[in-house]
Amino acid sequence: MYVIYQCYEHLATLTIPPAPYCTRATGLNLWVSGKSGPEKGAGMDKNMLAGLDGLPEQDKARMAAMIDHLQLRDSLRMYNSLVERCFNDCVDNFTRKTLQKQEETCVMRCAEKFLKHSMRVGMRFAELNSQAATQE
Amino acid sequence: MAANNPTGVDKEQAFGMAETEMEYRVELFNRLAQTCFNKCVDKRYKESELNMGENSCIDRCVSKYWQVNSMIGQLLSAGGRPPM
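Residues numbered from 1 in each chain as written. Chains lettered and ligands numbered in written order. Predicted model: local features only at pLDDT ≥ 70, side-chain atom pairs only at ≥ 80, totals over all residues. Heavy atoms only, no water.

A. Representation of the environment of Y24(B) in the model. Residue and element names in this part refer to chain B. Counting through the fold element by element, Y24 comes out in helix α1 (residues 8-40). Between the alpha carbons of Y24 and A14 there is a distance of 15 Å; along the sequence they are 10 residues apart. Polar contacts involving the side chain of Y24 include one to the side chain of N69, which spans 3.4 Å. (Helix = DSSP H or I, 4+ residues; strand = E, 2+ residues; numbered from the N terminus. Polar contact = N/O pair within 3.5 Å; in protein donor to acceptor, adjacent residues only side chain to side chain.)

In structure tokens, the structure reads:
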């Protein structure tokens with residue numbers, strides 16, 4: 001559970017690149033790799049992504065850089081939208097400057113739920129993607 | 001597009017297309033995730049886990065969204081451009 005919060009601290013300090021478990025949560029990794037199960041191991045081998053195997057080194061590197069860029073942008077976008085979502089859903093009371101206990105709990109649950117949801121959607125998305133790819 | 005030994009221009013086009021396609025996929029994923037979250041998850045956040053009902057709803061939502069996406073894709077590629 002707390003892995004997820006570490007992920008957002010990571011993003012908050014803008015350490016680049018995001019840790020593997022963070023990018024996993026965005027699902028970009030999942031669809032690009034075509035995997036549908038939970039990720040094992042520390043990170044994603046860029047050469048496995050998007051069928052890069054056949055390309056010359058230079059092109060592989062360029063594609064890998066493109067993917068990195070997209071992943072980072074997507075992670076940051078997700079961060080912002082998650083904050084906005086949980087704020088809108090959980091915080092209504094402005095009689096105090098600091099969050100109340102119940103608001104804090106709500107925000108934690110909201111964030112965790114969304115991340116779990118996002119991972120599940122990512123799995124299904126990857127399945128559908130690879131189905132569609134084999135049908136073409 | 002020359003597959004084995006692309007010229008400079010072809011390659012650039014190919015990279016551009018690949019980037020555009022990837023951005024489209026990311027956007028699709030993000031919209032899908034947000035839409036299905038809005039439709040399936042109770043905003044009262046009683047717990048941090050997804051319950052069975054929410055899980056099924058999410059799976060079905062993703063499947064249906066995907067079908068809608070394909071339908072519209074086919075419609076746009078067959079029927080052509082929207083009227084100006």
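B. Fine view of the interface of chain A and chain B. Contact residues are listed per partner, giving 34 residues for chain A and 34 residues for chain B. Around 3400 Å² of area is buried between chain A and chain B when both sides are counted, 65% of it from carbon and sulfur atoms. Broken down residue by residue, the surface that chain A buries against chain B is led by K113(A), H117(A) and F125(A), which jointly contribute 20%. The tally of links between chain A and chain B comes to 7 salt bridges. The closest approach of N and O atoms between R124(A) and D59(B), which form a salt bridge, is 2.7 Å. Where chain A packs against chain B, one counts 18 residue pairs in polar contact (both at pLDDT 80 or more). Listing elements by their share of the side of chain A that touches chain B, those giving two or more residues are α3 (28-33), α4 (57-90) and α5 (101-135) of chain A. (Contact = heavy atoms within 4.5 Å. Buried area = accessible area lost by both parts, 1.4 Å probe. Salt bridge = Lys/Arg side-chain N within 4 Å of Asp/Glu carboxyl O.)

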